[in-house]
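Examination of the molecular architecture
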Amino acid sequence: SVPTSILSALTYAARNGVLIRSGRAIEILARIDTVVFDKTGTLTVGHAGVNDVAVMDDRFTSDELLVLAATAEQRLTHPIAEAIVHCANHRGLTLKTCEEWEYKVGLGVAAQIDGIEIRVGSPRFMKTENIDLIEFERRFPDALTSGQSLVYVAGDGKLLGVVMYSDPPRQESQDVIRELKSLGVTPYMLTGDVKRVANAIAGNLGINPNNVYSEAFPERKVEVVKEIHDRGKTVAFCGDGINDSAALAYADVSVSFAGATDIARETADVVLMENDLRGLIMAIKVARDTMDIIW
Ligand code: ADP
Ligand code: MG
């Protein structure tokens, strides 16, 4: 039979905006000593503000570039996709239809628009597509040191432009990291984003740089979770994306958000219904109290 206090813990958590899907999740939450966070959309707000578009090809205006990028992104639920589509809508731009599109998890999106092969995504994605970024770095040297995030937009194998946006930490992230440490729980950050941006956010939040992993593909995310687990740690993984779903499955306990991608939200042991990371702190405290009472 289910101990009454586990039931009341589940009920208490649910009333306070945290869905805990099993008694077992409570038992593990009480013991975790490590939380591995995804960055984009988890520690950061995700639906970032686009600041600027650097045009690298005179055949296009910055609005036309945004239309291409937003058209490629329009069916994705990734926070970068949402930021770009939102920006295009905000500028009153009309999106095109794309003939074909494919989400390259952890890299970006590929689409065919007006017969052009469009690629939108990370420097690594551009590299795999043999798209040269040197000219951009030469013309916009400040872009790489500004602390902004960059999304590259290429067409038919050539860089057309770069969307520059800022993706600041969630307002509660710094407090949550501090609270975790005071509970004796070590925070890690695991992101597909580049080192420069990952380290800047981690530094801002107080995450030890040794515990930051950047340019991590979905498979790498799983490996890191397993490595930490195999060192004898009890690991919670907290993430929001398709790129996180395997890591969520391998963690001792998985945490996601109401607003996350379907697969992340549906497989998570713990869902933060208010989309607020403080729910995780509450869940850990409730779990510890409950297990103290039982044992
Ligand atoms: P995180 O692990 O921080 O959530 P992802 O693994 O989702 O990040 O993405 C890693 C990188 O791949 C991003 O920083 C971005 O450069 C690129 N990327 C991923 N998805 C998209 C997308 N929909 N549009 C553009 N770029 C993307
Ligand atoms: Mg994410």
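None of these values were measured; they are calculated from a predicted model.

Attention now goes to unusual backbone geometry. The phi dihedral of Asp114 falls on the positive side, at around 50 degrees, and the residue is not glycine. Here Asp114 falls in the exposed class, since 12 other C-beta atoms lie within 10 Å of it. Here Glu215, not a glycine, exhibits a phi torsion of approximately 45 degrees, which is positive.

With that settled, the discussion passes to the nonpolar core. In a soluble, globular protein the nonpolar side chains are often hidden away together inside. Grouped together as the largest cluster of nonpolar side chains are 58 residues, with contacts concentrated most on Leu29, Val36, Phe237 and Ala283. By residue number, the principal contributor to this core is helix H13 (residues 278-294), which donates 6 residues. The contact partners of Phe237, leaving out residues within four places of it in the chain, are Val36, Val225, Ala247, Leu248, Ala251, Ser254 and Val255. The next biggest cluster of nonpolar side chains, apart from the first, holds 39 residues, and it includes Val50, Ala83, Val109 and Val163.

Not every one of the 22 residues close to ligand 1 is listed here, only the nearest: Thr40, Ser122, Thr191, Gly192 and Asp193. Tallying contributions element by element places helix H3 (residues 39-43) first for the shell around ligand 1, with 3 residues. When the residues that make up the shell around ligand 1 are grouped by side-chain class, the tally is 7 nonpolar, 11 polar and 4 charged. Both domains that meet at the shell around ligand 1, namely domain 1 (4-45 + 169-294) and domain 2 (49-166), each give it at least three residues.

Three or more residues of helix H8 (residues 173-182) are buried, namely Ser173, Val176, Ile177 and Leu180. For H8, the angular spread of the buried residues around the axis is 100 degrees, confining them to a single face. Among the residues trailing H8, Gly184 stands out with phi positive, at a value near 80 degrees.

With that out of the way, let us pick up the confidence of the model for the chain. Looking at the chain, pLDDT values average 94 and 98% of them are 70 or higher. Scored as a complex, the prediction yields pTM 0.90 and ipTM 0.96.

In this section: the domain arrangement of the chain. Looking at the assigned domains, one finds that the chain contains domain 1 (4-45 + 169-294) and domain 2 (49-166). Computed over C-alpha atoms, the centres of domain 1 and domain 2 are 30 Å apart. Facing the 13 residues of domain 1 at the interface are 10 residues of domain 2. Of all the elements in the fold, those that place two or more residues in the side of domain 1 that touches domain 2 are H3 and helix H9 (195-205).

Our focus in this paragraph is the environment of Gly279. Inspection of the secondary structure puts Gly279 in helix H13. Judged by local crowding, Gly279 falls into the buried class, with 25 C-beta atoms found within 10 Å. The sequence separation of Gly279 and His47 amounts to 232 residues, and the corresponding C-alpha distance is 20 Å. Leave out the neighbours within four places in its chain, and Gly279 touches Gly17, Val18, Leu272 and Glu274.

Once that is clear, we can look at the sheet that holds strand E7 (residues 149-155). Spatially, 6 strands are ordered E3-E8-E7-E6-E5-E4 in an open sheet, and the strand pairing comes out antiparallel. Only two strands of the sheet have a single partner each, and these edge strands are strand E3 (49-55) and strand E4 (100-104). Pairwise comparison of adjacent strand axes, ignoring direction, gives a mean angle of 15 degrees for this sheet. Contacts from helix H5 (residues 79-90) reach E3, E7 and strand E8 (158-166) within the one sheet, and its direction differs from that of E3 by about 75 degrees.

Conventions we followed
Residues numbered from 1 in each chain as written. Chains lettered and ligands numbered in written order. Predicted model: local features only at pLDDT ≥ 70, side-chain atom pairs only at ≥ 80, totals over all residues. Buried ≥ 20, exposed ≤ 12 C-beta atoms within 10 Å, placed from the backbone. Core = buried A, V, L, I, M, F, W, Y, C linked by C-beta atoms within 7 Å. Helix = DSSP H or I, 4+ residues; strand = E, 2+ residues; numbered from the N terminus. Contact = placed C-beta atoms within 7 Å. Near = placed C-beta within 6 Å. Nonpolar A, V, L, I, M, F, W, Y, C, P; charged D, E, K, R; others polar. Domains from an automatic or database assignment. Arc of directions from axis to C-beta. pLDDT = per-residue confidence, 0-100. Pairing = 2+ DSSP bridges. Axes fitted to C-alpha atoms, helices over the stretch in contact; angles between N-to-C directions.

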